[in-house]
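What follows is each chain in one-letter form.
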Amino acid sequence: MTRIYKNILILTGAGISAESGLATFRSSNGLWNNHKVEDVATIEGFERNPALVHDFYNELKVEVQKAEPNPAHFALTKLQQEYPAEINIVTQNVDTLHEKAGNKNVYHIHGQINQAVCLNCGHVLETWGDVDTETICPQCEVSGMMKPNIVFFGENLLCMDKVEVFLRKCDLFISIGTSGVVYPAAGFVQTAKYYGADTIEFTLDMTANNYLFDKHVLGKAGETLPKYVDELITSLKKNPAE
Ligand code: OAD
């Protein structure tokens, strides 16, 4: 019999958005394939050639804005609406498909494509328009200091104070569409498990940190996740006393 959970933490990666037409990072046609990571996803790369980095994310922004959520995102909406637990979603994705699907409590630890941060004053500008080396910060009015609000390699993740709390108190940790290669997110499952959570992952291919999960569901999340969410919701009816 499935346990009744009080606190669910969901970690998502690029795989949950694959069925929405957005490339994952490490697949054969992955996002990095045509670009060097050190050029477009490091602070050094940004300092070397900010125009190239802005161009890269401006192009990606157009793709992302066009994308629509898929059944995996909508399954999470259903879970949040119908399962009476605290349910938080921590995403490594810089797209906004969780929000577009109506997901609540979404935390973007790797930043958001539709944001830029001013390196002069810290203001976060929300925009689907282009940002470039001439963009003026609406707060401090300094130009040329905006950086895509994407966490580059070597930078600190966002929202980590909240995530640390979620990891300690969750009793179910669900990982969806992430290869388990990039830390610290790849280590979240270990913390959740240490504090007593059941752990389950949904992925297409076996992940690098798979030994840390109690269960693996291989397949497209758009197909596997809605079924799992239905099982969780059905289990509530089978455990009426809890
Ligand atoms: P990866 O590209 O490393 O991994 C994608 C995972 O999704 C793989 O395990 C695939 O098997 C799985 N997958 C693909 N299609 C799927 C589907 N339809 N259903 C379920 N699973 C599917 O992407 P991430 O793990 O998200 O950081 O990458 C982590 C970070 O690496 C990214 O956030 C990015 C990059 O550096 C930043 O941009 C800051």
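If you're wondering where the values come from, they're calculated on a predicted model, not measured in any experiment.

### As for the nonpolar core
A general trend in soluble globular proteins is that nonpolar side chains are found buried together.
1) Next: Counting 25 residues, the largest nonpolar core has Ile 8, Ile 10, Tyr 83, Ile 174, Ile 176 and Leu 225 as the members making the most contacts within it.
2) Next: By residue number, the principal contributor to this core is helix H9 (residues 221-238), which donates six residues.
3) Next: If sequence neighbours within four positions are ignored, Ile 8 has contacts with Tyr 83, Ala 85, Glu 86, Ile 87, Asn 88, Asp 171, Leu 172 and Ile 174.

### Examining the sheet that holds strand S4 (residues 111-118)
1) Next: What the three strands build is an open sheet, ordered S5-S4-S6; its pairing is antiparallel. Sheet topology places strand S5 (124-126) and strand S6 (146-150) at the edges, where each strand pairs with a single neighbour. Adjacent strand axes in the sheet meet at a mean angle of 40 degrees when their direction is disregarded.
2) Next: Alignment of S4 against S6, held across four bridges, turns out to be antiparallel. Within S6, the residue paired with Val 117 across the bridge is Lys 147.
3) Next: Sheet strands touched by helix H4 (residues 50-66): S4 and S6. Its angle to S6, the strand with the most contacts, is close to 50 degrees.

### So, the pattern of salt bridges
1) Next: Going through the model one piece at a time under the given rule, you end up with nine salt bridges.
2) Next: With a shortest N-O distance of 3.2 Å, Arg 48 and Asp 39 are connected by a salt bridge.
3) Next: Judged by its relative accessible area of 55%, Arg 48 is exposed.
4) Next: Asp 39 gets classed as partly exposed once you look at its relative accessible area, which sits at 26%.
5) Next: Between Glu 164 and Arg 168 there is a salt bridge, with the nearest N and O atoms lying 3.0 Å from each other. You can see Glu 164 and its partner Arg 168 sitting in helix H7 (residues 160-169), four residues apart, about one turn around the helix.

### Points about the environment of Asp 214
1) Next: Summarising the element assignment, Asp 214 is placed in the loop between strand S8 (198-203) and strand S9 (215-218).
2) Next: Given the relative accessible area of 40%, Asp 214 is considered partly exposed.
3) Next: Once the C-alpha coordinates of Asp 214 and Glu 201 are considered, the two residues, 13 residues apart in sequence, prove to be 8.3 Å apart.
4) Next: Residue contacts for Asp 214: discarding those within four places in its chain leaves Lys 193, Ala 197, Asp 198 and Thr 199.
5) Next: A distance of 2.6 Å separates the side chain of Asp 214 from the side chain of Lys 193, its partner in a polar contact.

### Some details on the pairing of S8
1) Next: Burial of S8 is extensive: five of the six residues sit out of reach of the surface.
2) Next: At this point the chain moves from strand S7 (residues 172-176), through helix H8 (residues 188-194), to the parallel S8, and the crossover so formed is right-handed.

### Some words on the side chain of Gln 112
1) Next: As for its placement among the helices and strands, Gln 112 is situated in strand S4.
2) Next: Its relative accessible area of 14% is what places Gln 112 among the buried residues.
3) Next: Once residues within four sequence positions are removed from consideration, Gln 112 is found in contact with Val 94, Thr 96, Asn 149 and Ile 150.

### Remarks on a negative patch on the surface
1) Next: The grouping of Asp 55, Glu 59, Asp 130, Asp 132 and Glu 134 at the surface amounts to a negative patch.
2) Next: Turning to its location among the elements, Asp 55 is positioned in helix H4.

### Thoughts on the site of the ligand
1) Next: In the region of the ligand, 23 residues are neighbours, and Phe 25, Arg 26, His 110, Thr 178 and Ser 179 sit closest.
2) Next: Take Ala 14: an N or O atom from its main chain is 2.8 Å from an oxygen atom of the ligand.
3) Next: Bound to the protein, the ligand loses 94% of the 800 Å² it would expose on its own.
4) Next: Taken atom by atom, the bulk of the ligand overlaps the largest pocket.
5) Next: For the shell around the ligand, a count of residues per class yields nine nonpolar, ten polar and four charged.

### A look at the pairing of S7
1) Next: Among the five residues in S7, five count as buried, and that is most of the element.
2) Next: A two-sided burial pattern is seen for S7, the buried positions comprising Leu 172, Ile 174 and Ile 176 on one face and Phe 173 and Ser 175 on the other.
3) Next: Where strand S1 (residues 7-12) and S7 come together, five bridges link them in parallel fashion. In the sheet register, Thr 12 faces S7, and the bridge partner there is Ile 176.

What counts as what
- Each chain has its residues counted from 1, running along the sequence as written.
- Under the rules for a predicted model, residues below a pLDDT of 70 receive no local features and side-chain atom pairs below 80 are neither given nor counted, while totals for whole chains, interfaces and linings still include all residues.
- The side-chain quantities take in all heavy atoms of the structure and omit both hydrogens and water.
- Residues enter a nonpolar core if they are buried and are Ala, Val, Leu, Ile, Met, Phe, Trp, Tyr or Cys, with the set joined through side-chain atoms within 4.5 Å.
- Only protein chains enter the accessibility calculation, which uses a 1.4 Å probe. A residue is then buried if its area is under 20% of the maximum for its type, exposed if over 50%, and partly exposed in between.
- In this text, helices come from DSSP runs of H or I with a minimum length of four residues, and strands from runs of E with a minimum of two, each type numbered from the N-terminal end.
- Contacts: residue pairs with any heavy atoms within 4.5 Å of one another.
- Paired strands, in this sense, are two strands between which DSSP finds at least two bridges.
- Helix axes are fitted only over the stretch in contact, all axes being lines through C-alpha atoms; the angle between N-to-C directions runs from 0 to 180 degrees.
- The term salt bridge refers to a side-chain nitrogen of Lys or Arg lying within 4 Å of a carboxyl oxygen of Asp or Glu.
- What qualifies as a polar contact is a pair of N or O atoms within 3.5 Å, subject to a donor-acceptor requirement within protein and to the restriction that residues adjacent in sequence count only when both atoms come from side chains.
- Looking down the strands as they point away from the viewer, one classifies a crossover as right-handed if the path from the first strand across the helix to the second runs clockwise.
- Each patch is built from salt-bridge-free residues with over 30% relative accessible area, joining like charges within 9 Å and nonpolar side chains (Val, Leu, Ile, Met, Phe, Trp, Tyr) within 5 Å.
- Per-residue and other accessible areas follow the Shrake-Rupley method at a 1.4 Å probe size, with only the shown protein chains counted as cover for residues.
- By the counting scheme adopted, Arg and Lys are positive, Glu and Asp are negative, and His together with the chain ends is not counted.
- The atom standing in for a charge is NZ when the residue is Lys, CZ when it is Arg, CG when it is Asp and CD when it is Glu.
- Note on definitions. A residue lies near a molecule or strand when any single heavy atom of the residue is within 4 Å of it.
- Cavity: a set of points on a 1 Å grid over the protein atoms alone where a 1.4 Å probe fits but cannot get out. Pocket: an open set with protein on both sides within 12 Å along at least five of seven lines, its lining residues, like those of a cavity, having an atom within 4 Å of a point.
- For this analysis, a molecule is said to be in a pocket or cavity if more than half of its atoms are within 2 Å of the grid points defining it.
- Note on residue classes: Ala, Val, Leu, Ile, Met, Phe, Trp, Tyr, Cys and Pro are nonpolar, Asp, Glu, Lys and Arg are charged, and everything else, Gly too, is polar.

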